[in-house]
Amino acid sequence: MTQYTKIEHFEREYADTHHDTALNVTDGVDSQPSVNPYFVRKKRRTLSTDEYVDGILAGDITTLSQAITLVESNNPDHYAQAQQIIERCLPHAGRSIRIGITGVPGAGKSTFIEAVGNMVTSLRHRLAVLAIDPSSERSGGSILGDKTRMESISANPDVFIRPSPSAGSLGGVARKTRETIILCEAAGFDVIFIETVGVGQSETAVHSMADMFMLLQISGAGDELQGIKRGIMEMADMMVITKSDGANIEKAQLAKAQFQNALRLFPMPDSGRRAQVYTCSSTERTGLEEVWKGVEEYIDHVRANGWFATNRSRQNKYWMYETINESLKNDFYRNPSVEGRIAEFEREVLEARMSSFIAAKRLLDIYESQKRD
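Here is what the cut-offs are and how they apply
- Residues numbered from 1 in each chain as written.
- Predicted model: local features only at pLDDT ≥ 70, side-chain atom pairs only at ≥ 80, totals over all residues.
- Heavy atoms only, no water.
- Helix = DSSP H or I, 4+ residues; strand = E, 2+ residues; numbered from the N terminus.
- Buried < 20%, exposed > 50% of the residue type's maximum accessible area, 1.4 Å probe, protein only.
- Contact = heavy atoms within 4.5 Å.
- Core = buried A, V, L, I, M, F, W, Y, C linked by side-chain atoms within 4.5 Å.
- Axes fitted to C-alpha atoms, helices over the stretch in contact; angles between N-to-C directions.
- Parallel < 35°, antiparallel > 145°, perpendicular 65-115°, else oblique.
- Nonpolar A, V, L, I, M, F, W, Y, C, P; charged D, E, K, R; others polar.
- pLDDT = per-residue confidence, 0-100.
- Pairing = 2+ DSSP bridges.
- Right-handed = clockwise from strand over helix to strand, strands pointing away.
- Expected span 1.5 Å × (residues − 1).
- Arc of directions from axis to C-beta.
- Polar contact = N/O pair within 3.5 Å; in protein donor to acceptor, adjacent residues only side chain to side chain.
- Salt bridge = Lys/Arg side-chain N within 4 Å of Asp/Glu carboxyl O.
- Left-handed = near helix turned anticlockwise from the far one by under 90°.

Here's the deal with the side chain of Glu-179
And then number 1: Structurally, Glu-179 can be placed in helix α8 (residues 170–186).
And then number 2: When its relative accessible area of 9% is taken as the criterion, Glu-179 is described as buried.
And then number 3: Those residues in contact with Glu-179 that lie beyond four places of it in its chain are Val-71, Gln-83 and Ile-86.

Describing unusual backbone geometry
And then number 1: Of note, Arg-285 is a non-glycine position whose phi angle comes to about 60°, a positive value.
And then number 2: Relative to the assigned elements, Arg-285 resides in the loop between β7 (276–279) and α13 (288–304).
And then number 3: Residue Ala-352 is not a glycine yet carries a positive backbone phi of 60°.
And then number 4: Tracing the chain through its elements places Ala-352 in the loop between α15 (336–350) and α16 (356–372).

Notes on the nonpolar core
And then number 1: Residues Leu-183 and Cys-184 are the most contacted members of the largest nonpolar core, which totals 49 residues.
And then number 2: When residues in this core are grouped by element, the largest group, six residues, is from α8.
And then number 3: In this structure, Cys-184 is in contact with Leu-64, Ile-68, Ala-128, Leu-130, Phe-160, Phe-189 and Ile-192, ignoring residues within four places of it in sequence.
And then number 4: Ile-113, Phe-193, Met-212 and Tyr-298 belong to the second-largest nonpolar core, a separate cluster that totals 35 residues.

With respect to the packing of helix α14 (residues 307–334) against α15
And then number 1: At a closest axis distance of 5 Å, the pairing of α14 and α15 adopts a crossing angle of 70°. The orientation of α14 relative to α15 falls into the category roughly perpendicular. Seen from α14, the contacting residues are Phe-332, Tyr-333 and Arg-334; seen from α15, they are Pro-336, Val-338, Glu-339 and Ile-342.
And then number 2: Split into classes, the residues belonging to the contact of α14 with α15 amount to five nonpolar, no polar and two charged.

A short note on the confidence of the model for the protein
In low-pLDDT regions, the fine details of the predicted coordinates are not to be read closely.
And then number 1: Confidence in the prediction for the protein averages 82 pLDDT; 77% of positions are at 70 or higher.
And then number 2: Segment residues 135–144 is flagged for pLDDT under 50; beyond a separation of four residues in sequence, or across chains, it makes 17 contacts in the model.
And then number 3: A low-confidence stretch, residues 222–227 stays under pLDDT 50, and its non-local contacts, those more than four residues away or across chains, total 11 contacts.

Considerations on the pairing of β7
And then number 1: Across four bridges, strand β6 (residues 238–241) lies against β7 in parallel orientation. From the neighbouring strand, Met-239 faces β7, where its bridge partner is Val-277.
And then number 2: For the crossover that starts at β6, traverses helix α12 (residues 249–263) and ends in the parallel β7, the hand is right-handed.

Some thoughts on helix α4 (residues 76–89)
And then number 1: For α4, built from 14 residues, the straight-helix expectation of 20 Å at 1.5 Å per residue is met to within 8% by its first-to-last C-alpha distance of 20 Å.
And then number 2: All buried positions along α4 are accounted for by Gln-81, Ala-82, Ile-85, Ile-86 and Cys-89. Mapping the buried residues of α4 onto a view down its axis gives an arc of 145°, with all of them on the same face. Turned more than 90 degrees away from the buried face of α4 sit Pro-76, Asp-77 and Glu-87, all of them exposed.
And then number 3: Sitting at the head of α4, Asn-75 places a side-chain oxygen 2.8 Å from the backbone nitrogen of Asp-77.

Focus: the pattern of salt bridges
And then number 1: Under the criterion given, the structure shown has 12 salt bridges.
And then number 2: Residue Glu-72 is joined to Arg-162 by a salt bridge in which the shortest nitrogen-to-oxygen separation is 3.1 Å. Taken together, the residues Glu-72 in helix α3 (residues 61–72) and Arg-162 in strand β3 (residues 159–165) connect sequence positions 90 residues apart.
And then number 3: A salt bridge links Arg-312 to Asp-211; the shortest N-O distance between them is 2.6 Å. One end of the pair, Arg-312, is in helix α14; the other, Asp-211, is in the loop between α9 (201–207) and β5 (212–217), and 101 residues separate them in sequence.

Considerations on the packing of helix α2 (residues 49–57) against α4
And then number 1: Look at α2 against α4: their axes get within 10 Å of each other, and the N-to-C directions meet at 40°. Regarding the angle of α2 to α4, the classification is oblique. Along this stretch, α2 crosses α4, giving a crossing that reads as right-handed. Each of Thr-49, Asp-50, Tyr-52, Val-53 and Ile-56 in α2 lies in contact with α4, whose residues at this interface are Gln-81, Gln-84, Ile-85, Arg-88 and Cys-89.
And then number 2: For the contact of α2 with α4, the residue count by class is five nonpolar, three polar and two charged.

Comments concerning the environment of Cys-280
And then number 1: Looking at where Cys-280 falls in the secondary structure, it is placed in the loop between β7 and α13.
And then number 2: For Cys-280 and Ile-249, which are 31 residues apart along the polypeptide, the C-alpha to C-alpha distance reads 9.2 Å.

See below:
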């Protein structure tokens, strides 16, 4: 007899002679379903285009959020309805200041936006924060943590925060972010922050949809001028040295002088105004008023010399071509003839039996011949 069966035998003998013991096993109830059988999930009612537009123009945040979800959807039906909504909201858009915000990792972009955001709303503005959140190349997932990081303004009724996962397609999410800007403006938000959370090409995409491009930098991290290269410095309309508090104040002032001297070496921007450098502390709430005053001065300057309107017209032209390119690309990959052969050509390229250029040319030939037929 094994040890297990000996113990089991002892328990049965003990239970037979000690009926009041806790070792007695009573009959239990039948297994209950894990889900309430009376619960019925209600399907959300689909809003009409008129209901979306009316809700957005009335400033209803729930309707605005649902409309943005339509814009971000890859469903062709959703895309068609989203374009109708955007077209009808367009006459009510355009009356905002669009500010692109980027910076080196650790510059405190979210903390800065939270601090400035609270100040901006105290000046009777309504603020929308749109963040392009980088998706994981491996899992495809995205953190979308801006609402967690910006606790105080998340509860502010005059602030709307919407993170958008890049999902590996920067061009696609940039176009959708631009369309989201139109909806937010139609809903009454007169200040738009477009935050790029990643690094690289996202700065160029944000620059192409902003009236002003703000670059955040930190001091005391080595060679200041190596922190950000010339390309992105030339795009900046304003630079802000963050974390200028405590023992870091002197370093921030030194970094400010270095960047200001470097910016004087660049050609005069098309806006006709050289980028100014500011220092601030988001945690100590110092220097924020000067930063926002600098924003207002820049906007007043470019409106007066006509660059504000010219820049927006150039951006509209740019996004017309970007939308054409995105639509052609989607049409190519969704083409049945291409879908049926693309895996075959991909395998040929991977096994080095065909060059990538020849494979691309043949797939394009298949696409064009199918279109002709």
